[in-house]
Amino acid sequence: MSPTVVQGRCAAFHIVRALKRLQQTERCDVIIVARGGGSLEDLWAFNEEPVARAVHECPVPVVVGVGHESDVTLAEL
């Protein structure tokens, strides 16, 4: 587990840092990035380019589930 800030001005930085921390542990077979729903602004960190790149470049498989059924973020794509 790597709890982190997922909302607010610096959230993207914290999400990327948490992903990198998890990559460094040999105990991870898969990483799940998840967060409950909220407004578009609440979920915006998952649309930031650094987060999408960190998910894409992660050598460990990443499953992303953010928001409600109708919400889609760049990190999920």
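Rules and cut-offs
- Residues numbered from 1 in each chain as written.
- Predicted model: local features only at pLDDT ≥ 70, side-chain atom pairs only at ≥ 80, totals over all residues.
- Heavy atoms only, no water.
- Helix = DSSP H or I, 4+ residues; strand = E, 2+ residues; numbered from the N terminus.
- Contact = heavy atoms within 4.5 Å.
- Buried < 20%, exposed > 50% of the residue type's maximum accessible area, 1.4 Å probe, protein only.
- Arc of directions from axis to C-beta.

**Student:** I'd like a description of the environment of Asn47, backed by residues and values.
**Tutor:** Following the sequence through the fold, Asn47 ends up in the loop between α2 (40–43) and α3 (49–57). When near neighbours in sequence (up to four residues on either side) are disregarded, Asn47 contacts Leu40, Val72, Thr73 and Leu74.

**Student:** Could you give an account of α3, naming the residues involved and the relevant values?
**Tutor:** Regarding α3, the residues found buried are Val51, Ala54 and Val55. For α3, the arc enclosing every buried residue in end-on projection is 95°, short of the 170-degree limit, so these residues lie on one face. Looking at α3, the residues exposed on the side facing more than 90 degrees away from the buried face are His56 and Glu57. Where α3 is buried, its residues meet α1 (11–23) and β2 (62–66).

Function-wise, these values are silent; they only describe arrangement.
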